[in-house]
There are 2 protein chains.
Amino acid sequence: MSGRILLLFAVISLATPCQAAIDPLPAWRDGPGKQRILDFVRDISTPGSSSYVTPAERIAVFDDDGTLWPEKPGPQGFFALERLRLQAPQHPEWHKQMPFKAALELQGRYLQEADNASLFQLVAVAQAGRTQEAFRSDAREFLGTARHPRFQQTWTRLAYTPMRELLAYLRANGFHSFIVSAGSVDVARILASETYGISGDDVIGSSVVATLRDEDGKPVLRRLATVHALNDGAVKPLSIDQHIGLRPILAAGNVRSGGDIDMLRYSQRAETRGTGPQHSLQILIRHDDFEREYAYDEKDRASLNAADANGWMIVSMRYDWRQVFSFQTAEASAPAQAERP
Amino acid sequence: MSGRILLLFAVISLATPCQAAIDPLPAWRDGPGKQRILDFVRDISTPGSSSYVTPAERIAVFDDDGTLWPEKPGPQGFFALERLRLQAPQHPEWHKQMPFKAALELQGRYLQEADNASLFQLVAVAQAGRTQEAFRSDAREFLGTARHPRFQQTWTRLAYTPMRELLAYLRANGFHSFIVSAGSVDVARILASETYGISGDDVIGSSVVATLRDEDGKPVLRRLATVHALNDGAVKPLSIDQHIGLRPILAAGNVRSGGDIDMLRYSQRAETRGTGPQHSLQILIRHDDFEREYAYDEKDRASLNAADANGWMIVSMRYDWRQVFSFQTAEASAPAQAERP
């Protein structure tokens, strides 16, 4: 048999639907990044491998805003702004006080630029005095109907397709994945379960101080305006330690504020820095796709510098993802790989 | 066929091994208490029933010390006392300062009487300055070898058999069970996974303040001597709300300090107080078995009063449990049901 026929056979094999069906990450473009994920998961789940990790220790942590769904604006800011506007007539003082004044005057533009602390303060103040149950019911109703101003989709449809695939792939390989959000834990919980199938108790986030009161003979939890914990930056490793009690072996965050650097560093095993099999994986997502999502970076480049120094995987939304959202066709507007800088 | 033969047949049926095998709670004595558990689980898991609850909302919370294993002493106090004694030579001030002075002088007798706040303070101080990883490794080693002073068993063997059965039964019926401890979350996590198969992230407990430091270029979590949260009394509903984000439909605690009253009240649905199908279940364990375990009550009877006022189920270890520990034979020393007061 000639070599040409064998070659033809091989090409046909690669192109069969059967081969395509077993790719666990079809929305990720083939390349070194995708291969690194596949290699890591294979290595840590192969008994006898030098980097084998027992299923009980396969803990993965994911930032949410900008890592699992868009953050310009993120869902909690969008929700807080709506509630703030509804209640503004009863609060004339908000028109003189930051960050409320800026949020009410600049509205959408404010949400594009605000930091996590200010956004969560809006949530805390806009919902102060409400019971936890009423607050959650409000948030669920809002997230079920409100549409993202640019994409005109409900928030549950804004999950990044490649990240949905990654979470499903990790689950199939015995990982237990948590969301570790700098935003409201309650808002993140609603989206986590509806868009990613992540249980509410597997979500860690920012929270307000609440009180237990007796009202009409029943115990009721009411929210105060005071922030209990802003779960950002150096607080993330501490909250992971307190909630889970194990150090993750995979962490994913994104470039914008530097708020995920500590979490990614915390997940890194010393051995990973060298060559050879990986014992942990750090994923840093870069928003460089102005066509399909947004393009923005970090003023001081701290996240990218940390990634370079520590050998973390940097994901380009533009070049590493064949598809961003389920409502966009794969590769519909994706730039050619050859354009990659 | 005569009635006598039919009756004989019925008696044989009840006594067959097949019947015994399908009892999910063999260590619980048959009676109204056990029946109440069985009825509740059947009602909330029967689609179409007026008290049906979806699997996602079948949340159960359990106190640990005195509810899942003995608390005279509990494991965290026993562990803290040992560490305190080891370090006492370097801390002459402990001999003048409470609660350290009392713990060092009275030792085992101190553990019998100390309240949760004092016990957790011992844990916090005795382990201050250690990394979280070193602390957990210490605790795991201690719990793997130390023996309970009276029962001469390792702590992992001190799980109450009826509660192991109850947790397995709930799991088989779609419940997600959490431990909500007033003791050290780290100590409870080790025992939870080894004795009850409850994952570490499903344990909520008391914690100390920790810091994230950079040591030799690596992020390290170190414990301070300061209590971050004492997870007792009114704090339990708040920590459940923050960690899980759902109100439980089953809560179990025990009589001693009144520390579980708020958690049990929080789990109660208003409708449960009336007659008819139950929408939630509250279980309060009473230590009234001086032969197989211990007999003690609560000075102000607050837990029992709350149980009476709200219709909670009170479990007598002496009369409701056929077996307490796996290393004791069933009914070996159990008093006859007829003796029940």
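Predicted, not measured: the structure shown is a model, and the values here were computed from it.

Trainee: When you look at the interface of chain B and chain A in this model, what are you seeing that I'm missing?
Mentor: How big an interface is tends to be stated in terms of accessible area lost as the parts join. Contacts between the two partners involve 24 residues from chain B, matched on the other side by 24 residues from chain A. Looking at the side of chain B that touches chain A, the elements with two or more residues in it are α10 (185-196), β3 (203-215), β4 (218-229), α11 (235-243) and α12 (261-267) of chain B. For the side of chain B that touches chain A, the element with the highest residue contribution is α11(B), accounting for five residues. Across the side of chain B that touches chain A, the residue classes break down as 11 nonpolar, six polar and seven charged.

Trainee: How should I be thinking about the packing of helix α4 (residues 75-87) of chain A against helix α7 (residues 116-126) of chain A in this particular structure?
Mentor: Working note: a packed helix pair is described by the angle between its axes plus the distance between those axes. Residues and elements named next belong to chain A. In the contact formed by α4 and α7, the axes pass within 9 Å of each other and the chain directions differ by 45 degrees. As the angle between them shows, α4 and α7 are arranged oblique. In this structure, α4 meets α7 at a crossing whose hand is left-handed. In this structure, α4 contributes Q76, G77, A80, L81, R83, L84 and Q87 to the contact, and α7 contributes L119, L122, V123 and A126. When its residues are assigned to classes, the contact of α4 with α7 shows seven nonpolar, three polar and one charged.

Trainee: Help me out: how do you make sense of the sheet that holds strand β1 (residues 59-62) of chain A in this one?
Mentor: Note on sheets: strands pair through backbone hydrogen bonds, and any given pair is parallel or antiparallel. The sheet built from seven strands is open, its strands ordered β4-β3-β2-β1-β5-β6-β7 (chain A) with mixed pairing. Every other strand in the sheet has two partners, leaving β4 (218-229) and β7 (313-316) of chain A as the edge strands with one partner each. Strand-to-strand, the axes of this sheet are offset by a mean angle of 30 degrees, without reference to chain direction. In this structure, β1(A) lies alongside strand β2 (residues 176-184) of chain A, joined through four bridges in parallel fashion. Looking across to β2(A), one finds that A:I59 is bridged to A:H176. The strands touched by α11(B) are β3 (203-215) and β4 of chain A; relative to β3(A), the strand with the most contacts, the crossing angle is about 145 degrees.

Trainee: Please explain the pairing of β1(A) as it appears in this structure.
Mentor: Within a regular beta strand, the side chains point alternately toward one face of the sheet and then the other, so they alternate between its two faces. Residues and elements named next belong to chain A. Alternating residues of β1 divide into I59 and V61 and A60 and F62, and every residue in both groups is buried. Relative to strand β5 (residues 250-254), β1 runs parallel, the two sharing three bridges. Its bridge partner lying in β5, A60 is registered against L250.

Trainee: Help me understand the relation of the copies chain B and chain A, please; the structure alone is not making it clear to me.
Mentor: Two copies of a chain can be linked by a rotation about an axis combined with a shift along that same axis. Rotating chain B by 180 degrees about the axis while translating it 0.0 Å along that axis superimposes it on chain A, leaving an RMSD of 0.0 Å. Between the two chains, the operation in question is that of a two-fold axis. Within chain B, the C-alpha atom positioned nearest to the axis of rotation is that of B:H243, 3.7 Å from it. The share of interface residues of chain B whose copies in chain A are also at the interface is 100%, consistent with both copies meeting through the same surface.

Thresholds, definitions, all that
Residues numbered from 1 in each chain as written. Chains lettered and ligands numbered in written order. Predicted model: local features only at pLDDT ≥ 70, side-chain atom pairs only at ≥ 80, totals over all residues. Contact = placed C-beta atoms within 7 Å. Helix = DSSP H or I, 4+ residues; strand = E, 2+ residues; numbered from the N terminus. Nonpolar A, V, L, I, M, F, W, Y, C, P; charged D, E, K, R; others polar. Axes fitted to C-alpha atoms, helices over the stretch in contact; angles between N-to-C directions. Parallel < 35°, antiparallel > 145°, perpendicular 65-115°, else oblique. Left-handed = near helix turned anticlockwise from the far one by under 90°. Pairing = 2+ DSSP bridges. Buried ≥ 20, exposed ≤ 12 C-beta atoms within 10 Å, placed from the backbone. Least-squares fit on C-alpha atoms with pLDDT ≥ 70 in both.

In short, shape yes, function no, at least from these values alone.
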